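So you can see what is in the structure, the chains are spelled out below.
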Amino acid sequence: MKHSAPGWQPHWCARLLGVVLALLASLNAAAAPPTLELAGSTTLAPAIRAAAATLKESRGISYRVRTGGSEDALRDLAAGRIDVAMVSRPLRSHEKRDFQSIEVARDNIAIIVNARNPADRVSSELLRSIFSRGRAIWPDAGGPPGAIVPVVRGADHATRTVFDETIGTGNLVPTGVIELNSNAAMVMYVAADPQAIGYASTGAAADAQRRGLTIRTMLVDGASPEAMDGRYPLSRPLLLVVRNDGKKRREFDVLVDYLKGGAGQALLSSYGFAPRSR
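Here we summarise the structure given alongside this text. A quick note: this is a predicted structure, and the numbers were derived from the prediction, not measured. Residue numbers run consecutively from 1 along every chain, following the written order of its sequence. Reporting in this predicted model follows two pLDDT cut-offs: at least 70 for local features of residues, and 80 or more for side-chain atom pairs to be given and counted; totals over whole chains, interfaces and linings ignore these cut-offs and use all residues. Derived side-chain values reflect all non-hydrogen atoms in the structure, with water molecules and hydrogen atoms excluded from consideration.

**What to know about the packing of helix α9 (residues 250–260) against helix α10 (residues 262–270)**
Threshold: Axis lines are fitted through C-alpha atoms, for helices just across the contact stretch, and the angle between N-to-C directions can take any value from 0 to 180 degrees. Comment: elements are numbered from the N terminus, with helices defined as DSSP H or I runs of at least four residues and strands as E runs of at least two. Convention used here: angles under 35 degrees read as roughly parallel, angles over 145 as roughly antiparallel, angles from 65 to 115 as roughly perpendicular, and any remaining angle as oblique. Any two residues having at least one pair of non-hydrogen atoms within 4.5 Å are treated as being in contact. For this classification, Asp, Glu, Lys and Arg are treated as charged, while Ala, Val, Leu, Ile, Met, Phe, Trp, Tyr, Cys and Pro are nonpolar and the rest, including Gly, are polar.
For the pair α9 and α10, the least separation of the axes is 4 Å and the interaxial angle reads 75°. By the angle class used here, α9 and α10 are roughly perpendicular. Touching Tyr258, Leu259 and Lys260 of α9 are Gly262, Ala263, Gly264, Gln265, Leu267 and Leu268, all from α10. In terms of residue class, the contact of α9 with α10 is built from five nonpolar, three polar and one charged.

Structure representation (structure tokens):
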């Protein structure tokens, strides 16, 4: 009578099982759509991450969201390194030739000062003077004794672009101006320095106040940053931008549909953003 070699059959079965499992894994990987890559605005990213988490749980769609600024994201989008740019400023006319944008919400840029600063209002003209270093002491602006410390966002961030273009300060950083790269860094700096003045998303400013950071917002040209009726001068759209090449992915459409719907607009509102333009 013939006998099998000891251990041959279990070893063969184990190898076969391994091959089958590897094959199934590769088939699943091939069937699953690739992760949609989004990058850009530090203002918009937290809300998009929250929306992505909801869609991952409810629809099984995978999104990867990272920050870095609107301007860098548009360059990455043009080069094909990402699928979607999160942009917190209007597209320029030449950009509209290459990109398609979807407005998901609107945001105001709040001018913020330390809560111990009595100055509560400012004009666009005065802001231009302060941030171009033409006006350097707080008593000239209704504030406490001492020098004004202007704080700006980094040059690759749309918040800085919108502020510079609206107020007319140019995009150079004069000596004595502090440059920071996120809403969080901005509000923390202003909360720590009674002489500072800066700017941040209205939602970020409101969140900082809820968390007990000692900042407050100023009226600009008599209008509150909470006003979404067009009177506040530092207003901007929040956009999702894709290449204008007809290769828009289904995962992008699912995200946009969610953000335009009631649940998505409620989510964006919870981050301090206003409903998108109709």
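**Describing the environment of Gly203**
This is how it is decided: When a residue's accessible area, from a 1.4 Å probe over protein chains only, is under 20% of the maximum for its type it is buried; when over 50% it is exposed; and in between it is partly exposed.
Within the element layout of this structure, Gly203 appears in helix α8 (residues 202–210). Take Gly203: its relative accessible area is 7%, and that puts it in the buried class. For the pair Gly203 and Ser269, spaced 66 residues apart in sequence, the C-alpha to C-alpha distance is 8.8 Å. Excluding residues that lie within four positions of it along the chain, Gly203 makes contacts with Asp107, Tyr271 and Gly272.

**Some remarks on the environment of Ile109**
Within the secondary structure, Ile109 is located in strand β4 (residues 99–114). Apart from the residues lying within four places of it in its own chain, the contact partners of Ile109 are Thr159, Val162, Phe163, Tyr199, Ala200, Thr202, Tyr232, Leu234 and Arg236.

**Comments concerning the packing of aromatic side chains**
In plain terms, the rule: Here the aromatic set is Phe, Tyr and Trp, taking the six-membered ring for Trp, and pairing holds for ring centres within 6.5 Å; pairs whose planes are under 30 degrees apart are stacked, those over 60 apart are edge-to-face, and all others are tilted.
Following the criterion strictly, the structure yields three aromatic pairs and no others. Relative to Tyr199, the ring of Phe131 lies with its centre 5.9 Å away and its plane at 55°, an arrangement referred to as tilted. One end of the pair, Phe131, is in helix α5 (residues 124–131); the other, Tyr199, is in strand β8 (residues 196–201), and 68 residues separate them in sequence. In this pair, the class of Phe131 matches that of Tyr199, namely buried. Ring-pair connections join several aromatic residues into one group, and the members of that group are Phe131, Phe163 and Tyr199.

**With respect to the pairing of β8**
The two faces of the sheet receive side chains in turn, since in a regular strand these alternate between them. How we decide: In this description, strands pair whenever DSSP reports at least two bridges between them.
When you tally the buried positions in β8, you get six out of six residues, the bulk of the element. Judged from the five bridges that link them, β4 and β8 form a sheet pairing that is antiparallel. Within β8, the residue paired with Ala110 across the bridge is Ala200. Of the pairings in the sheet, the one linking strand β6 (residues 149–153) to β8 comprises two bridges and is parallel in character. Looking across to β8, one finds that Val149 is bridged to Ala196.

**Digging into the pairing of β4**
With 13 of 16 residues buried, β4 lies mostly within the body of the structure. Relative to strand β11 (residues 235–243), β4 runs antiparallel, the two being bridged by nine bridges. Residue pairing across strands places Ala105 opposite Leu238, the latter belonging to β11. Pairing of β4 with strand β9 (residues 215–217) involves three bridges; the strand directions are antiparallel. For Val113, the partnering residue across the bridge sits in β9 and is Arg216.

**Some words on unusual backbone geometry**
Leaving glycine aside, a negative phi is the common case for residues, and trans is the common case for peptide bonds. Even without glycine at this site, Asp221 takes up a positive phi of about 50°. Following the sequence through the fold, Asp221 ends up in the loop between β10 (219–220) and β11.

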